[in-house]
Amino acid sequence: MSVILCRGLAALGAGAATLTATRRSTAVTEGVLLPPEKLNQPPGVAQSLSHWQAVSVNGTYHVERTPPSGSEATQRPHAAHGHVDRFALRDSSNLVNGVPHPPFIRQGPWDSIASSGQLPNHGDVWVATFPKCGTTFTEQIILLLLNSGDPSKLDPRTQNTYRHASGVGKIWVEQMVRTHIVDETDKTDKWANARMTLEEFSAMSAPRVLKTHAPRHLFLGTEPDRVPSLTATGRPAPIAAKTKVVYVSRNAKDACVSAYYHAANPHDTGFPFDAWAFAWLNGLFEHGRWADHVAGWRAEALSNPSQILWVRYEDLKRDPEVEIRRIANFLEVSASETVIQNTIRHSGFTAMKEQSGGYQFFRKGKVGDWARHFSPSFAVEFDAQVADQLRGVDNPYAELPSE
């Protein structure tokens, strides 16, 4: 049985909202739109969010092409002849507190870690991002700053995953830490050697470099309220004392494009790009909606600047020295000029890809690649939806930076 959950998206904002979206969409104009077949788009059919609807099929979300009506039937011949496209969203049925997660992060283990009371440690350094927004890039920078700028201690091929032998690397807490003794089922994937029990994790010395894609309200690096409420407050628990979080954001269109080629790889499984953008905007990608993620962490960063540093991916790409010095100062790392320059040199996209042996995880790392995927009208439509989702939020992308 299929249940239609939403058809299209909310009506596009009019007047000033649309004008603002238009200005944002034209801030980066590099690139030529890829041909339809490269984006899995039917020839002759314009990109549009309104061509898609979300449906639930046996507990898993899909996006499905809406049937055309009236004059639209002649403009959308691909759908007019009775061909209905439907694409499954792999992670949509694996929910942690209502938010989609990749298959290796599940509600039971997450609950066990969250309720253990053993997670935060003074001196923890977290890299928090929405997926495909510069996570590995930022981890490389921080690990270089903490390891004298020496790239030989790092392993970009594993996205710098923690190695027990060297004691160097980042830990993706939700993926790698277990409250129980690691069992055989945890030894069958590429992360097996990095997994650890909560006791092992708690025994590690500071500073631990930790990764998360959690929205603010699911962030595990917190401590109980000093004056607890006996009723639901709707507010997340406070960040643990002496914890530092570097939050890295990326403009919505580039983040959406990068996710199109990530993990389950919607591009390779036949998703038309506009169908993917619809799913991505609707929060059917792992870790929910980009706008919700940004809104939660933006509020924290503005109210708690001593513990949260906001970094834009575009600024890291455009002026890495300035941003790397900001990160070093925030983390109170006394880095020499040699360490700063080595960090700049060995955290660049090309250097990381070369060190990883050309690992395909590193796709492009460019700013503005969205212009090859969004038609001008589709960029305006997409931007208007993002603006609506960010209503009332201090938008870090009110002006879209370029590389």
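Let us now look at the overall build of the protein chain. Along the protein chain, the regular secondary structure elements total 15 helices and 13 strands. Relative to its full complement of 403 residues, the protein chain shows a buried share of 52%. A sequence separation of at least 24 residues applies to 71% of the contacts in the protein chain between residues at least 6 apart. Approximately 17,800 Å² of the protein chain is accessible, and the part contributed by carbon and sulfur atoms is 52%.

A separate point is the pattern of salt bridges. As enumerated under the stated definition, the model contains 19 salt bridges in all. A salt bridge links Lys-253 to Asp-383, with the nearest nitrogen and oxygen atoms 2.9 Å apart. With Lys-253 in helix H8 (residues 252-260) and Asp-383 in helix H15 (residues 376-389), this residue pair connects regions lying 130 residues apart in the sequence. Of the two residues examined, Lys-253 and Asp-383, each falls in the buried class. In this structure, Arg-325 and Glu-337 form a salt bridge, with 2.8 Å as the shortest nitrogen-oxygen distance. Of the two residues, Arg-325 is situated in helix H12 (residues 320-330) and Glu-337 in helix H13 (residues 337-346); the sequence distance between them amounts to twelve residues. Take Arg-325: its relative accessible area is 30%, and that puts it in the partly exposed class. One salt-bridge network, held together by shared partners, links Arg-90, Asp-91 and Glu-286.

With six of six residues buried, strand E12 (residues 244-249) is to be regarded as a mostly interior element. Here E12 shows two buried faces, one formed by Lys-244, Val-246 and Val-248 and the other by Val-245, Tyr-247 and Ser-249. In the sheet, strand E7 (residues 125-129) pairs with E12 via five bridges, with the strands oriented parallel. Note that in E12 the partner of Val-125 across the bridge is Lys-244. Inspection of the sheet shows E12 paired to strand E13 (residues 308-312) by five bridges, in the parallel sense. Residue pairing in the sheet places Val-246 in a bridge with Leu-309 of E13.

Another aspect to go through is the confidence of the model for the protein chain. Averaged over all residues, the pLDDT of the protein chain equals 84, while 82% of them reach at least 70. Here residues 1-30 is a poorly scored stretch, pLDDT under 50, and it has 66 contacts once near neighbours within four places are set aside; other chains count.

Now for the packing of H8 against helix H9 (residues 273-281). Between two packed helices, the angle of one axis relative to the other and the distance separating the axes together describe the packing. Where H8 meets H9, the closest approach of the two axes is 10 Å, and the angle between their N-to-C directions is 115 degrees. The angle between the axes of H8 and H9 places the two elements in the roughly perpendicular class. Like other packed secondary-structure pairs, H8 and H9 cross with a definite hand, here right-handed. Residue-level contacts link Ala-252, Ala-255, Cys-256, Val-257, Ala-259 and Tyr-260 of H8 to Phe-273, Trp-276, Ala-277 and Trp-280 of H9. A class-by-class count of the residues in the contact of H8 with H9 yields ten nonpolar, no polar and no charged.

Time to look at the sheet that holds E13. Here we have five strands laid out as an open sheet, ordered E8-E11-E7-E12-E13, and parallel in their pairing. Since the sheet does not close on itself, it has two edges, and those belong to strand E8 (170-172) and E13, each with one partner. Across the sheet, the mean angle from the axis of one strand to that of its neighbour is 25 degrees, orientation sign disregarded. Of the strands in this sheet, E7, E8, strand E11 (209-212) and E12 touch helix H5 (residues 135-146), which is tilted by about 165 degrees from E7. Sheet strands in contact with helix H10 (residues 290-303) are E7, E12 and E13, and its direction is about 130 degrees off that of E13.

In terms of residue burial, H9 counts as a mostly covered element, since nine of its nine residues are buried. Those residues of H9 that fall on the buried side of the exposure criterion are Phe-273, Asp-274, Ala-275, Trp-276, Ala-277, Phe-278, Ala-279, Trp-280 and Leu-281. Count one or two residues on from H9 and you reach Gly-283, which has phi positive near 75 degrees.

Here we take up the nonpolar core. Membership of the largest hydrophobic core comes to 70 residues, with the highest contact counts inside it found for Ile-171, Phe-201, Trp-276, Trp-280 and Trp-290. Ranked by residues supplied to this core, first place goes to H9 with eight residues. If you look at the next biggest cluster of nonpolar residues, it comprises 27 residues, including Leu-145, Leu-154, Val-209 and Ala-328.

As enumerated under the stated definition, the model contains 22 aromatic pairs in all. Both rings, one in Tyr-260 and one in Phe-273, keep their centres 5.1 Å apart while their planes meet at 75 degrees; by these two values the pair is edge-to-face. Taken as a pair, Tyr-260 in helix H8 and Phe-273 in helix H9 lie far apart in primary sequence, 13 residues in all. Given a relative accessible area of 0%, Tyr-260 falls into the buried group. When the ring centre of Trp-172 is taken as origin, the NZ or CZ atom of Lys-211, which lies over that ring, is 3.7 Å away. In this arrangement the basic side chain of Arg-250 is found over the ring face of Tyr-313, its NZ or CZ atom lying 4.4 Å from the centre.

The rules behind each value
- Residues numbered from 1 in each chain as written.
- Predicted model: local features only at pLDDT ≥ 70, side-chain atom pairs only at ≥ 80, totals over all residues.
- Heavy atoms only, no water.
- Helix = DSSP H or I, 4+ residues; strand = E, 2+ residues; numbered from the N terminus.
- Buried < 20%, exposed > 50% of the residue type's maximum accessible area, 1.4 Å probe, protein only.
- Contact = heavy atoms within 4.5 Å.
- Areas by Shrake-Rupley, 256 points an atom, 1.4 Å probe, with all protein chains shown as cover.
- Salt bridge = Lys/Arg side-chain N within 4 Å of Asp/Glu carboxyl O.
- Pairing = 2+ DSSP bridges.
- pLDDT = per-residue confidence, 0-100.
- Axes fitted to C-alpha atoms, helices over the stretch in contact; angles between N-to-C directions.
- Parallel < 35°, antiparallel > 145°, perpendicular 65-115°, else oblique.
- Left-handed = near helix turned anticlockwise from the far one by under 90°.
- Nonpolar A, V, L, I, M, F, W, Y, C, P; charged D, E, K, R; others polar.
- Core = buried A, V, L, I, M, F, W, Y, C linked by side-chain atoms within 4.5 Å.
- Phe/Tyr/Trp six-rings, centres within 6.5 Å; stacked < 30°, edge-to-face > 60°.
- Lys NZ or Arg CZ within 6 Å of the ring centre and 35° of its normal.

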